[in-house]
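Structure assessment
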Amino acid sequence: MVYSCAYFPTGTETLEAAQLAKLDHVLTKIMLKPGEKLLDIGCGWGALAIRAAEKFGAQVLGITLSKEQAALAEERVKAAGLQDRVEIRILDYRELPLDGQFDKITSIGMFEHVGLQHLTAYFGAICGLLKDGGLVMNHGITSTDPGSGNTPLGAAEFIDKYVFPQGELPHLSLAVRSMQEAGLETLDVETLRRHYARTLALWARNYEDKATALRGLVEEKTFRIWRIYLAGCAWAFEQNWISLHQILACKAGVAPSFNPTPWSRGYMYAG
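Residues numbered from 1 in each chain as written. Predicted model: local features only at pLDDT ≥ 70, side-chain atom pairs only at ≥ 80, totals over all residues. Heavy atoms only, no water.

**As for the sheet that holds strand E3 (residues 86-90)**
Strand order in the open sheet formed by seven strands is E3-E2-E1-E4-E5-E7-E6, and the pairing between neighbours is mixed. Strand pairing shows two members of the sheet lacking a second neighbour, E3 and strand E6 (184-191), which therefore form its edges. Geometrically, the sheet is characterised by an average inter-axis angle of 15° between neighbouring strands, direction not taken into account. (Pairing = 2+ DSSP bridges. Helix = DSSP H or I, 4+ residues; strand = E, 2+ residues; numbered from the N terminus. Axes fitted to C-alpha atoms, helices over the stretch in contact; angles between N-to-C directions.)

As structure tokens, this is what we get:
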């Protein structure tokens, strides 16, 4: 129940270990410190928000549009005893005041649903929510087509119809350009295409292992849709039809305090 791809530092980790490594990788990249205010846009089931508070000591606001996600995330927060450090709200990021109140911002597997024509506005809102000297991490699926076109063989149409309606994948170049147009400077880009291929392969294997139980939960059509979706996406990432990029950014400008990162990116792997 962790959104998006796991991170395999050696390629041999279990899915559970790799998902935890993904959370730590993101939070280390943004240099999250105790007491800082973190906004997690599209917080899913609350895993990153909880990790940010529990291990890194942050004050976290996680927002989602899903009642189901919010309910389970709140249960997880309570179970971890973190109610004083983590707040989960059903809220659209566009409803937050653009007053620079957050030290750090994360968005995991969310911007795929923004729409290509709205990317600059989306990143503009993030820029407005971020403090001077703050960092933002956008982690999301990208198109490998330079024109941000659809994946081949009807895959995009299938996903749009049955899984994620109205999703659009930007090419990395469009994502970075939209960030710059919105007032953000790109500091670091990491490709995790292979990591998502492995994640999906493990998800698909787990799906097959639990096939009997899953068929008891949903109708046959739904079971078959998700079966081919997981296996098909694993293939798509393997074949470089789609990719995934983590983009680290800060506010753009001449003020030296805007970029708080060290001269070397070694800090990202110090742990």
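Still to come is the rest of the account.
**Regarding helix H7 (residues 193-209)**
Across its 17 residues, H7 extends 25 Å between first and last C-alpha, which sits within 8% of the 24 Å expected from 1.5 Å per residue. All of the buried residues along H7 are His 195, Tyr 196, Ala 197, Thr 199, Leu 200, Leu 202, Ala 204 and Tyr 207. The inward-facing, buried residues of H7 contact helix H1 (15-29), strand E5 (130-143), helix H8 (211-215), helix H9 (220-238) and strand E7 (242-251). (Expected span 1.5 Å × (residues − 1). Buried < 20%, exposed > 50% of the residue type's maximum accessible area, 1.4 Å probe, protein only. Contact = heavy atoms within 4.5 Å.)

**Thoughts on the environment of Met 137**
By the element assignment, Met 137 lies in strand E5. Distance in space between the C-alpha atoms of Met 137 and Ala 70 is 21 Å, their sequence separation being 67 residues. Excluding anything up to four places from it in sequence, Met 137 contacts Val 26, Lys 29, Ile 30, Ile 105, Thr 106, Ser 107, Gln 246, Ile 247 and Leu 248.

**What about the pairing of E5?**
Remember that side chains alternate between the two faces of the sheet whenever the strand is regular. The buried count for E5 comes to twelve of 14 residues, which makes it a mostly enclosed element. In this sheet, E5 lies alongside strand E4 (residues 102-108) in parallel orientation, the contact comprising six bridges. By the bridge assignment, Thr 106 is partnered in E5 with Met 137. Each parallel crossover has a hand, and the one from E4 via helix H4 (residues 119-129) to E5 is right-handed. Judged from the eight bridges that link them, E5 and E7 form a sheet pairing that is antiparallel. The partner of Val 136 across the bridge, within E7, is Ala 249. (Right-handed = clockwise from strand over helix to strand, strands pointing away.)

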